[in-house]
Amino acid sequence: MRNIFLVIRREYLVRVKKKSFLIMTLLGPLLFVAFYATVFWVALGSVDTKTVQVLDESGLFRNEFKDSETLKFAYLDSSIDSAKAKFKSSEANALVYIPKNVIKEPKSVRIYAAKNVSMDLKSEIEKVIEKEIEDIKLGEAGITHKILEDSRVNVNSETISLSEEGEKTSSSGAATVIGGICAFLIYMSVFIYGTQVMRGITEEKTSRIVEVIISSVKPFHLMLGKIIGVALVGLTQFVLWILLTTALTSATSVVLNNKMSEQSPEVALEMQKMQNGMPASNMPGGNVENPVAEVLGAVSSLNLPLILGCFLFYYLGGYLLYSALFGAVGAAVDNDADTQQFMLPITLPIIFSFVFAQFVLRDPDGTLAFWTSIIPFTSPIIMMVRIPFGVPAWEIALSMFLLVLGFMGTTWLAARIYRVGILMYGKKVSYKELAKWIFYK
Amino acid sequence: MSQTVSINMNIIEVRNVTKEYSNHVALDDVSINIPKGCIFGLLGPNGAGKTSLIRIINQITGPDKGEILFDGQHLNQSHISRIGYLPEERGLYKKMKVGEQLLYLAQLKGLSQKQAMDKLKTWFIKFDIKTWWDKSVSDLSKGMQQKVQFVSTVLHEPDLIILDEPFSGFDPINANLIRDEILELKQKGSTIIFSTHRMETVEELCDNIALIHKAKKVLDGPKKLIKEQFKTHTYFVEYKGDLSELENVYALTPEKELDNGFRRTNIHLGENASPNDLLRDLLPKAEIRSFGENIPSMSDIFMRSVNEVPEA
C-alpha cells in the first residue's frame, strides 16, 4: 500500500511541476473569461451608432423607422441621383432607397452602402418595409389597425419543471448549455488524461525503468498508482480552474456592471439582483426579455450541486474506464507511433458519445438518450448532457452502478495486458496476441 | 538437522522451478543453491533462461512449478526490500532529477525519506557526484547514468544484489570503481549474483557459478571444483629440442612455434600418471623454459558444456 502512495505522489508531482500544467491552468480560466466577456459584449450590442439615410419616394415610410441605440435614421428629400452623389461625402453608413411603386414591386427597394451591410440591418429594414406594406394591403382589404392589434398575440412560453420541491422556472436553453459544457469537458479530459496515462506507461517501458520499478512494486499497483496520480492532476486542474475562473469572472463582472450601468441601467440592475440570488421569474414587471438576465436566472434555477456532483462522478468514472484501456495500449506497444493501431477501438466510443450528445441535447428523454446514458462506455458524456434536463433517480443510479462495474472490468482487463506487455520489448503486437495475454495464467 | 544447516547457508534456493511461456519453456526443472556471502556467476548463452530466473527471484513473475526459498523462507513480498536488482536493460526516468529519482527508488525499497537521504549523501560523496543532484537524468552521459543506477541498486544495502551484465557501458576506470564496490559489498556480507557473458569477469570475481543452457541447469558449484572437474590432465611444455621419441609414451599435441627456436606442445597424461615422471622423461630430451598444467578457463568450460548438450 505504501508503494501505491509513493507511485501516486511521484506521478502527481512530476506532472504538476511541469510548465505545461501551469500554462494550461492559467490559460483555461483566461479563455473562459474571454468567452464569458464576449458573450456579454455581444448581448450589450456594439457601442458605435450607425446612421442610415432613407430616401422615401413613396412617402409611406416617413418616421416609420425607429431610431435605436445602434441605428439612427435620417430622411432625405432629394432625388436618388443627388442622394447617391452626396452619400459618399456624408458620414452615413447606408442609404435606403424606396421607390414610388414599392407596394406593387416590393423587390425594388435598394440599400446602398460603402461596405456590405450587416444582416441585422438588412433584415431590420426589410421587416419595417414588409410590415408597412402588409398594413397598407390589409387596410385596402378593410382590416383596420385596431383589429390587427387585437389579433396579434405574443406568446412567450416559460418552461416550468414540476418536481417535489415545487415549481421552478427552468430554461431548456440553459440546460443545453450546461449539459454541453459538461459533456465537452469530460470528452476533453478523458482524451487528455487518458493519453497522459498511456504516454507515461510507454515512457517507462521504452526507458526500461519499468523492470527496476516492478522489482519493488507490483505491476498492478504501478498501473493503478499512475492512473490515480493522473486523475488527481486532472482534479487539481479543474479545482484551480473553478477557483481562478470565479475570481476572474467576479472581477470582470464588476467592470461589466459599471459598463452596463452607463449603457442600460436595467441590465445592470438585473445582473445585480441575479447575483444576489433572485431568480428571474420573481422580477417585478416581468422584464425578463433581457437575454443576459434570462440565462443567468435559468442557470440559477438548475440543480447545480447535483450537476457538480454528477460531473465529478462521471469525470472520474469515465476517466478510470478509459484510462485503464489507454494504459493497456501503452503497455502493449514500444513507442508512441505504434499506439495508433490500438487507439481506434478506444477513441471510437468516446467520439461517438460526443456525436450522440448533439442528438441527445435535442431529445434528452428519447430511447437513444436512455440507452447511451446507461451503457458505461457512453454514459459519462451522455448522462452529463441529460442531467441538467432532469433524469429519474433510478436511471442515474443504474448508470452509475454500471459505470463502476465498467471501469472495474476495464481495469481488470488492462492489468492482464499490462503485466505481460511492459516486459515485452521489440515485438509488434497483434490483437490476437493481446487476447492471449488476457488469458495467461 | 542437516536441513536447517543448509537453509542458513544459502540465501537463495531454487527448487525444481519450471517456467513456460506460450511458445517455449524458459526454465525446465531448475534447482540451484546460492550460498550466502559469495559472488555467484549465473552463466548461459543468450536466451538460456537466465533473465527468466532473475525475474522469478525478483518476483516480477512467478514460477509455474517449483519454489524459491529466500534465506530459508518462501519468497514473499517482505523480501523485496532485501534484494537489489540492476537489469541488463538499464533505465531511469529521463526527465526526473537525479536526487529525486534516487530518493523515489530508495523509498520504493522501503527506506524512509530520511534514511534514503543520509545514505545518498554518503554515496554522492563516495562517487564524487555531488553536483548531479539537481540534474536531469537526460543531461547525464550514459556512463554517468549507469553510476546513478548502480547507486539505486545498492543504496538500501540489500542482502542479495542481482547484477545483470554490470560492466557493460562502463569505461575501464569506472568498471574498476564498480568492481571494487562489488568486492566491498561482498566483504560487508552481501551476496551478489552476476549474470554475464564475460568470462574474464567470472574468472576474476566469481566464487560459485551455475550454467544454464536451453532452460536446463547444466552445471553448478564452486568455481574451483568445477575447474577440477574439467581438468583434462594436459600439461604444456615450452622447450627447445626434439620430443619425437616420447610420442610412443605420451599423447603429444604440438601447438605452435615460439621465438628463438622454442616450441610449445601439449602433453596428455593418463588419469594416474604423474607430472613428475613426465618431467623426468622430458629433461634429457630438451631445454625446458616453461612447464605447467593446462587449467581450463571458464570460457573453455562454458564452450564445452554448451556444445555437449545435444540440440533439442
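If you look chain B up in an unreviewed UniProt entry, it shows as ABC-2 type transport system ATP-binding protein from Dyadobacter psychrophilus. We quote the UniProt Sequence similarities (unreviewed entry) comment for chain B here in full: "Belongs to the ABC transporter superfamily."

The name given to chain A in an unreviewed UniProt entry is ABC-2 type transport system permease protein, and the organism recorded there is Dyadobacter psychrophilus. Turning to chain A, the UniProt record has this under Subcellular location (unreviewed entry): "Cell membrane".

A.B. asks: Can you tell me about the overall build of chain B, naming the residues and giving the values?
C.D. replies: Within chain B one finds ten helices and 14 strands. Seen through its principal axes, chain B has C-alpha atoms that stretch 75 × 45 × 40 Å. In chain B, of all internal contacts separated by at least 6 residues, the share reaching a separation of at least 24 is 71%.

A.B. asks: Break down the UniProt feature "domain: ABC transporter" (unreviewed entry) in chain B for me, citing the residues and quoting the values.
C.D. replies: Those places that UniProt annotates as "domain: ABC transporter" (unreviewed entry) correspond, in this numbering, to residues 12–239 of chain B. Split by type, residues 12–239 of chain B is 33% helix and 29% strand. Its first and last C-alpha atoms lie 49 Å apart.

A.B. asks: Account for the sheet that holds strand 11 (residues 234–241) of chain B, with residues named and values stated.
C.D. replies: Residues and elements named next belong to chain B. The antiparallel open sheet is built from four strands, whose spatial order is 12-13-11-14. The sheet is open, and its two edges are formed by strand 12 (251–257) and strand 14 (286–293), each paired on a single side. Across the sheet, the axes of successive neighbouring strands diverge by a mean angle of 25 degrees, strand direction being ignored. In this structure, strand 12 lies alongside strand 13 (residues 263–268), joined through six bridges in antiparallel fashion. Paired with glutamate 257 across the two strands is arginine 263, which belongs to strand 13.

A.B. asks: Break down the nonpolar core for me, citing the residues and quoting the values.
C.D. replies: Generally speaking, nonpolar side chains in soluble globular proteins are found buried as a group. Counting residues in each nonpolar core, the largest one holds 135 residues, and the members touching the most others are Met384 of chain A together with Ile162 of chain B. Here this core takes 15 residues from helix 11 (residues 304–332) of chain A, the largest share from any one element.

A.B. asks: Could you give an account of the interface of chain A and chain B, naming the residues involved and the relevant values?
C.D. replies: The partner chain B presents 18 residues to the 15 residues of chain A that form the contact. Taken together, the elements giving at least two residues each to the side of chain A that touches chain B come down to helix 1 (2–16) and helix 7 (209–214) of chain A. Looking at the side of chain A that touches chain B, the element that brings in the most residues is helix 7 of chain A, giving five residues. Residues that form the side of chain A that touches chain B fall into these classes: seven nonpolar, four polar and four charged.

A.B. asks: If you had to explain unusual backbone geometry to someone new, which residues and values would you point to?
C.D. replies: What is expected of a backbone is that most residues other than glycine have negative phi and most peptide bonds are trans. All names here are of chain B. Despite not being glycine, glutamine 59 shows a phi value in the positive range, around 60 degrees. Positive phi, normally seen in glycine, also occurs at aspartate 71, with a value near 50 degrees. Inspection of the secondary structure assignment puts aspartate 71 in the loop between strand 4 (65–70) and strand 5 (73–74). Aspartate 71 gets classed as partly exposed once you count the C-beta atoms within 10 Å, which come to 17.

Analysis parameters
Residues numbered from 1 in each chain as written. Chains lettered and ligands numbered in written order. Predicted model: local features only at pLDDT ≥ 70, side-chain atom pairs only at ≥ 80, totals over all residues. UniProt positions renumbered as here; feature names shortened; annotations may be inferred. Helix = DSSP H or I, 4+ residues; strand = E, 2+ residues; numbered from the N terminus. Contact = placed C-beta atoms within 7 Å. Pairing = 2+ DSSP bridges. Axes fitted to C-alpha atoms, helices over the stretch in contact; angles between N-to-C directions. Core = buried A, V, L, I, M, F, W, Y, C linked by C-beta atoms within 7 Å. Buried ≥ 20, exposed ≤ 12 C-beta atoms within 10 Å, placed from the backbone. Nonpolar A, V, L, I, M, F, W, Y, C, P; charged D, E, K, R; others polar.

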